[in-house]
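Each chain is listed here by its residues.
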Amino acid sequence: MRSTNRPAADKWSSWHDDCVESVAGRLEAEILRGLLESQGLDAALSQEAAASIYGFGVGRLARADILVPEDQVEHAKKVLNAYYAGDLETDDASESSPA
């Protein structure tokens, strides 16, 4: 059984059946969900209920899927690919660079 923290059904009428990313645990999934949301995307997490109930942090049961509405899948994949490639720029990086 999987638990999902999706918002109200009216906002999520068109879910993409395949997740945009599957990661090792809830912590990484929360970070990536925050990244997607900071880029203006809607995102939710889906994880085996046992991971939440028993606090699994490793293994197959700890895996978490990141879901977005179907019309945002391509944009979400581009954001995640840029993140993994180190191409995302932050305001902090530009402020700490020597002039």
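The numbers attached to residues start from 1 for each chain and follow its sequence in the written order. Under the rules for a predicted model, residues below a pLDDT of 70 receive no local features and side-chain atom pairs below 80 are neither given nor counted, while totals for whole chains, interfaces and linings still include all residues. Values shown for side chains rest on all heavy atoms present in the structure; no hydrogens or waters enter the calculation.

1. Description of the pairing of strand 4 (residues 64–67)
Phase 1 of the analysis: Each residue is placed in one exposure class: buried if its accessible area under a 1.4 Å probe, protein chains only, is under 20% of its type's maximum, exposed if it is over 50%, and partly exposed if it falls in between. Secondary structure counts use DSSP, requiring at least four H or I residues in a row for a helix and at least two E residues in a row for a strand, with both numbered from the N terminus. Neither face of strand 4 is left uncovered, since the one carrying A64 and I66 and the one carrying D65 and L67 both have all their residues buried.
Phase 2 of the analysis: Pairing between strands is defined by DSSP: at least two bridges between them are needed. Sheet topology note: the strand 2 (residues 21–23)/strand 4 ladder contains three bridges and is antiparallel. Note that in strand 4 the partner of E21 across the bridge is I66.

2. Remarks on the pattern of salt bridges
Phase 1 of the analysis: Every case where a carboxyl oxygen of Asp or Glu lies within 4 Å of a side-chain nitrogen of Lys or Arg is listed as a salt bridge. By the definition in use, this model includes two salt bridges.
Phase 2 of the analysis: Between R26 and E30 there is a salt bridge, and its shortest N-O distance comes to 3.1 Å. With R26 and E30 both in helix 1 (residues 26–38), this residue pair falls four residues apart, about one helical turn.
Phase 3 of the analysis: For the salt bridge of R33 with E30, the shortest nitrogen-to-oxygen distance reads 2.7 Å. Placement of both R33 and E30 in helix 1 is noted, with a separation of three residues, approximately one turn of the helix.
Phase 4 of the analysis: A relative accessible area of 28% means that E30 is categorised as partly exposed.
Phase 5 of the analysis: The network of salt bridges with common partners includes R26, E30 and R33.

3. Structural notes on helix 1
Phase 1 of the analysis: In this model, helix 1 (13 residues) spans 18 Å end to end at C-alpha, consistent with the 18 Å of a helix rising 1.5 Å per residue.
Phase 2 of the analysis: Residues of helix 1 that are buried include every one of A29, L32, R33, L35 and L36, and no others. Projected down its long axis, helix 1 carries its buried residues within an arc of 160°, all on one side. Exposed residues on helix 1 whose side chains face more than 90 degrees from its buried face are L27 and S38.
Phase 3 of the analysis: Note on helix 1: the residue one or two positions beyond its end, G40, has a positive phi of about 85°. Between the first and last residue of a helix there are one fewer steps than residues, each counted as 1.5 Å, and that sum is the expected span. This arc describes the spread of directions from the helix axis toward the C-beta atoms.

4. Describing the nonpolar core
Phase 1 of the analysis: Grouping buried Ala, Val, Leu, Ile, Met, Phe, Trp, Tyr and Cys residues that are joined through side-chain atoms within 4.5 Å yields what is termed a nonpolar core. Formed by 16 residues in total, the largest nonpolar core has its most connected members in V20, L36, I66 and V68.
Phase 2 of the analysis: Listed by contribution, the elements that provide at least two residues to this core are helix 1, strand 4 and helix 3 (73–85).

5. Observations regarding the confidence of the model for the protein
Phase 1 of the analysis: Averaged over every residue, the pLDDT of the protein is 76; residues scoring 70 or more account for 59%.
Phase 2 of the analysis: Looking over the protein, one finds the lowest element-wise mean pLDDT in strand 1 (residues 2–4), namely 51, and the highest in helix 3, namely 95. Confidence of the predictor at the level of single residues is captured by pLDDT, which takes values from 0 to 100.

6. Quick notes on the environment of L32
Phase 1 of the analysis: If you trace the backbone, L32 turns up in helix 1.
Phase 2 of the analysis: Overall, L32 belongs to the buried group, its relative accessible area being 1%.
Phase 3 of the analysis: Considering only alpha carbons, one finds L32 and A43, eleven residues apart in sequence, at a separation of 9.1 Å.
Phase 4 of the analysis: When checking whether two residues touch, look at their non-hydrogen atoms; a contact exists if any pair is within 4.5 Å. Among all residues touching L32, those that are not within four sequence positions of it are E21, V23, I66, L80, Y83 and Y84.

7. What to know about the side chain of R33
Phase 1 of the analysis: Of the residues examined, R33 reaches a relative accessible area of 17% and is grouped as buried.
Phase 2 of the analysis: Here a polar contact is taken to be a pair of N or O atoms separated by no more than 3.5 Å, where protein atoms must pair a possible hydrogen donor with a possible acceptor and residues adjacent in sequence count only if both atoms sit in side chains. Only 2.7 Å separates the side chain of R33 from the side chain of E30, close enough to count as a polar contact.

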